[in-house]
Amino acid sequence: MPEIPEAPGYELPLLLFAGFRSLIDRLHAELARQGHPDIRPAHGFALQAIGLPGSTASEIGRRLGVSKQAAGKTVDRLIALGYAERADDPGDARRKLVRLTPHGLDALARSAAIFEELRASWSRTLGRERLHDLEASLRTAVPPDAFRLDASSWLGS
């Protein structure tokens, strides 16, 4: 069996990023076709940071790794697009919560379904076993606390 040459070290992060970018670009193209043409990748991270029960701007900022003011700007944009709304916090009258609207919940539900379709596409391309091995290998190599919603701020958007 011929020896497989080692790829240069810089290629691994580029391939991982290209795979991520490919999935995200395809997701957003399909979301646009399904009635969400204005949503951007940073919005997806923000919708996740808001969560189903809602969150304060400070909590959203912490989850995204940005200031409360930066989170507020993103929230303002999501509100303008109809994905979120501000509401009184039933547990503390001094606080305002940001909550997802039905439009925001629809975007998250459609995103989840589209990601399932994209994964199925990768499974057809790579083969079910190879995709499973890739995912298992990444779960082994990536630290358990590595998944954070602050990717959009880390990427500079």
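Preceding block: the structure.
J.: Is there a simple way to think about the pattern of salt bridges in this case?
T.: Using the criterion set out here, one finds eight salt bridges in the structure. The residue Asp89 makes a salt bridge to Arg95 at a minimum N-O spacing of 2.6 Å. According to the relative accessible area criterion, Asp89 is buried, its value standing at 10%. Its relative accessible area of 33% is what places Arg95 among the partly exposed residues. A salt bridge links Glu135 to Arg119, with the nearest nitrogen and oxygen atoms 2.6 Å apart. Taken together, the residues span a long stretch of sequence, with Glu135 in helix α6 (residues 128-141) and Arg119 in helix α5 (residues 102-126) at a distance of 16 residues.

J.: Explain the packing of helix α1 (residues 11-33) against α5 to me, please; I cannot follow it from the model alone.
T.: Helices that pack against each other are described as a pair by the angle of their axes relative to one another and the distance between those axes. One can describe the packing of α1 onto α5 by two numbers: an axis separation of 10 Å at closest approach and a directional angle of 130 degrees. Relative to α5, the element α1 lies oblique. Crossing angle aside, the handedness with which α1 passes α5 is right-handed. Contacts between α1 and α5 pair Gly19, Leu23, Ile24, Arg26, Leu27, Glu30 and Leu31 from the former with Ala107, Arg110, Ser111, Ile114, Phe115, Leu118, Ser121 and Trp122 from the latter.

J.: Is there a simple way to explain the side chain of Thr101 in this structure?
T.: Summarising the element assignment, Thr101 is placed in the loop between β2 (92-100) and α5. With sequence-adjacent residues up to four places away left out, Thr101 is seen in contact with Gly82, Tyr83, Ala84 and Glu85.

J.: Looking at this structure, I do not really get α5. What am I missing?
T.: One turn of an α-helix holds 3.6 residues; hence residues three or four places apart share an orientation. With 25 residues, α5 should reach 36 Å at 1.5 Å per residue; the first-to-last C-alpha distance of 36 Å fits that figure. Those residues of α5 lying buried are Gly104, Ala107, Leu108, Ser111, Ile114, Leu118, Ser121 and Ser123. Close packing links the buried residues of α5 with α1, α2 (41-50), β2 and α6. Positive backbone phi, at 100 degrees, marks Gly127, one or two positions downstream of α5.

The rules behind these values
- Per-chain numbering applies: the sequence of each chain, read as written, is numbered from 1 onward.
- Totals for whole chains, interfaces and linings use all residues, but because this is a predicted model, local features are given only for residues with pLDDT of at least 70 and pairs of side-chain atoms are given and counted only at 80 or more.
- Where side-chain values are given, they derive from all heavy atoms of the structure, hydrogens and water being excluded.
- Salt bridge criterion: a side-chain nitrogen from Lys or Arg within 4 Å of a carboxyl oxygen from Asp or Glu.
- Using a 1.4 Å probe on the protein chains alone, a residue whose accessible area is under 20% of its type maximum counts as buried, one over 50% counts as exposed, and one in between counts as partly exposed.
- Segments assigned H or I by DSSP are reported as helices when at least four residues long, segments assigned E as strands when at least two residues long, and all are numbered from the N terminus.
- Lines are fitted to the C-alpha atoms to define the axes, a helix being fitted only along its stretch in contact, and any angle between axes, read from their N-to-C directions, falls within 0 to 180 degrees.
- Angle categories are assigned with fixed cut-offs, so that under 35 degrees is roughly parallel, over 145 is roughly antiparallel, 65 to 115 is roughly perpendicular, and the rest are oblique.
- Crossing handedness follows the turn of the near helix against the far one: under a right angle anticlockwise gives a left-handed crossing, and clockwise gives a right-handed one.
- Residue contacts are defined here by distance: any two heavy atoms, one from each residue, within 4.5 Å place the two residues in contact.
- Between the first and last residue of a helix there are one fewer steps than residues, each counted as 1.5 Å, and that sum is the expected span.

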